[in-house]
Amino acid sequence: QVQLQESGPGLVKPSQTLSLTCTVSGGSITTNNCWSWIRQPPGKGLEWMGAVRFNGNTYYNPSLDSRTSISRDTSKNLFTLQLTSVTPEDTAVYYCARLQAGPDGCTEFDYWGQGTQVTVSS
């Protein structure tokens, strides 16, 4: 029932900021879930980037937390991703997803979007 849809530019220049939006339908982002961003670089596995929870608290992958910012807009039922100072290594398919929320953070995913390709190139 829950559907998520990524949107944003497919091409970003190095050193700029990658910005994506996840629009959620069929469920409110104020519910007790982890509203998350996940990416898959070419030839690599899925990498969880971070999440925002129902209470607005954020969690980040330590390998990316210095460059990652996730925020939400409850009035529009969406959440966003900003990744600063991008390099070609940030080229990936980016997914937004809903993960279950546990007492100490996010656990297993149950819904995800179709993904959007973002290429970092000059």
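Draft legend 1. Highlighting the layout of surface pockets. Estimates place the volume of the largest pocket at around 180 Å³. Lining of the largest pocket is provided by Ile38, Leu46, Glu47, Trp48, Tyr95, Ala97, Leu99, Phe109 and Trp112. Of the residues forming the lining of the largest pocket, the biggest block, three residues, is contributed by strand β9 (residues 92–102). Of the residues contributing to the lining of the largest pocket, the split by class is eight nonpolar, no polar and one charged.

Draft legend 2. Up close: the sheet that holds strand β8 (residues 78–83). Here we have four strands laid out as an open sheet, ordered β1-β3-β8-β7, and antiparallel in their pairing. What marks the edges here is a single partner per strand, and that holds for β1 (3–7) and β7 (68–73). Adjacent strand axes in the sheet meet at a mean angle of 20°, parallel and antiparallel pairs treated alike. Where β1 lies against strand β3 (residues 18–25), five bridges are found, and the strand directions are antiparallel. The residue of β3 that forms the bridge with serine 7 is threonine 21.

Draft legend 3. Summary view of the packing of aromatic side chains. Throughout the structure, instances matching the rule amount to three aromatic pairs. Ring geometry for tryptophan 37 against phenylalanine 79: centres 5.7 Å apart, planes inclined by 65°, an arrangement best described as edge-to-face. Residue tryptophan 37 is located in strand β4 (residues 33–40), and its partner phenylalanine 79 is located in strand β8; the two are separated by 42 residues in the primary sequence. Each member of the pair, tryptophan 37 together with phenylalanine 79, is buried. Put simply, the rings of Trp35, Trp37 and Phe79 pair up and form one aromatic cluster.

Criteria and cut-off values
- Residues numbered from 1 in each chain as written.
- Predicted model: local features only at pLDDT ≥ 70, side-chain atom pairs only at ≥ 80, totals over all residues.
- Heavy atoms only, no water.
- 1 Å grid on protein atoms, 1.4 Å probe; cavity = no way out; pocket = protein on both sides within 12 Å on 5 of 7 lines; lining within 4 Å.
- Points joined across faces, edges and corners; volume = space filled by probe spheres on them.
- Helix = DSSP H or I, 4+ residues; strand = E, 2+ residues; numbered from the N terminus.
- Nonpolar A, V, L, I, M, F, W, Y, C, P; charged D, E, K, R; others polar.
- Pairing = 2+ DSSP bridges.
- Axes fitted to C-alpha atoms, helices over the stretch in contact; angles between N-to-C directions.
- Phe/Tyr/Trp six-rings, centres within 6.5 Å; stacked < 30°, edge-to-face > 60°.
- Buried < 20%, exposed > 50% of the residue type's maximum accessible area, 1.4 Å probe, protein only.

Treat this as a map of the structure, not an account of what it does.
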